[in-house]
Amino acid sequence: MFRNQIICGESLQVLTQCPSNSVDLVVTDPPYLINYKDSSGRTLLNDDNPEGVLPVFDQVSRVLKPDSYCISFYGWSAIAQFSQCWQAAGLRIVGHIVWPKPYTSRAGHVRYAHEAAYVLAKGKPQRPEKPLKDVQSWQYSGNRSHPTEKAVKVIAPLIKAYSKPGDLVLDPFAGSGTTAVAAALSGRDYLSIELEQKYCQLTEKRLAGVARYCA
Ligand SMILES: C[S@@+](CC[C@H](N)C(=O)[O-])C[C@H]1O[C@@H](n2cnc3c(N)ncnc32)[C@H](O)[C@@H]1O
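Rules used throughout
- Residues numbered from 1 in each chain as written.
- Predicted model: local features only at pLDDT ≥ 70, side-chain atom pairs only at ≥ 80, totals over all residues.
- Heavy atoms only, no water.
- Helix = DSSP H or I, 4+ residues; strand = E, 2+ residues; numbered from the N terminus.
- Contact = heavy atoms within 4.5 Å.
- Buried < 20%, exposed > 50% of the residue type's maximum accessible area, 1.4 Å probe, protein only.
- Pairing = 2+ DSSP bridges.
- Polar contact = N/O pair within 3.5 Å; in protein donor to acceptor, adjacent residues only side chain to side chain.
- Near = heavy atom within 4 Å.
- Areas by Shrake-Rupley, 256 points an atom, 1.4 Å probe, with all protein chains shown as cover.
- Nonpolar A, V, L, I, M, F, W, Y, C, P; charged D, E, K, R; others polar.

K.L.:
Just to check I follow, could you spell out the environment of C18 for this structure?
P.N.:
Within the element layout of this structure, C18 appears in the loop between α1 (11–16) and β2 (23–28). A sequence separation of 44 residues divides C18 from R62, and the C-alpha atoms of the two residues are 9.2 Å apart. Not counting chain neighbours up to four residues away, the residues in contact with C18 comprise F2, R62, V63 and L191.

Written out as structure tokens, the structure reads:
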């Protein structure tokens with residue numbers, strides 16, 4: 001019922017309907033809790049509202065199968081809140097991946113020029129056959145359709161390293177659906193949950209393109 005679905009809704013509510021221990025891998029890019037606004041004024045829902053983001057990880061942990069992985073991007077300025085909520089949800093930090101960018105996103109106390117994600121474990125997952133190096137190549141998506149879109153080439157190696165063909169990959173903060181697209185292109189099933197309808201429609205279009213590409 002939850003395989004290969006794009007669900008437009010609030011993740012906390014949607015995941016409550018999802019059976020426990022049913023998801024093989026979570027790859028997600030939640031709002032970084034920084035009140036983000038890009039140069040053209042685009043914002044992200046819940047980026048100023050930790051209550052709309054952090055409690056979702058309790059459900060993520062419940063729906064993940066025992067001994068499996070969750071990979072979550074995060075914003076460094078809210079790491080205390082994220083790490084506290086992951087720990088409370090039973091998700092243990094087992095690795096950290098960085099993507100150095102060849103350009104600066106923003107300048108302040110330093111020039112901000114990398115993205116980062118934590119590798120979190122529920123239980124004791126079997127280690128991947130080919131563990132990823134914790135410094136990965138970045139590719140800029142162009143952010144044309146979504147203000148913080150990740151490139152498929154950034155997400156696909158995570159899915160390939162931490163899941164098997166046919167596994168179910170969940171993204172509870174799906175945006176334009178990059179995780180679902182990368183999962184489909186890698187022969188995995190997906191469950192993509194996103195609040196904003198325009199991004200759910202975009203995900204549908206992108207996945208229709210994948211189906212044509214794979215046909
Ligand atoms: C950082 S963006 C993800 C971008 C995505 N990685 C991509 O490549 O397009 C986070 C997304 O989470 C969505 N969101 C925020 N809170 C949510 C919630 N409680 N349930 C579902 N989606 C949510 C926002 O609308 C936003 O599109």
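K.L.:
Explain the pairing of β2 here, please?
P.N.:
Regular strands have side chains that alternate between both faces of the sheet. Burial analysis of β2 places six of its six residues in the buried class, the great majority of the element. In terms of strand pairing, β2 meets strand β3 (residues 64–73) through five bridges, oriented parallel. Its bridge partner being in β3, V26 is matched across the sheet by C70. Here β2 runs beside strand β8 (residues 168–171); their pairing, made up of two bridges, is parallel.

K.L.:
Hey, could you run me through the side chain of D167 in this one?
P.N.:
Along the chain, D167 falls in the loop between α4 (152–162) and β8. A relative accessible area of 11% places D167 in the buried class. For D167, the side chain forms a polar contact with the main-chain nitrogen of K164, separated by 2.8 Å. Leaving out residues up to four positions away in the same chain, D167 has contacts with R3, D24, R188 and D189.

K.L.:
Explain the site of the ligand to me, please; I cannot follow it from the model alone.
P.N.:
Inspection of the region around the ligand gives 23 residues, with E10, D29, S176, T178 and E194 positioned closest. Here a nitrogen atom of the ligand and a backbone polar atom of S11 are 3.0 Å apart. Contact between the ligand and E194: an oxygen atom at 2.7 Å from a side-chain N or O atom of the residue. In isolation the ligand offers 610 Å² of accessible surface; the protein chains occlude 99% of this area. Along the lines of polarity and charge, the residues of the shell around the ligand split into nine nonpolar, nine polar and five charged.

K.L.:
Explain helix α5 (residues 178–185) here, please?
P.N.:
Owing to its 3.6 residues per turn, the α-helix brings residues three or four apart onto one side. Counting buried residues in α5 gives six out of eight residues, a clear majority hidden from the surface. Every buried residue belonging to α5 is among T178, T179, A180, V181, A182 and A183, and all of these are buried. As for α5, its buried residues are in contact with β2, α4, β8, β9 (189–194) and α6 (197–214). G187, located one to two residues past α5, shows a positive phi value of around 75°.

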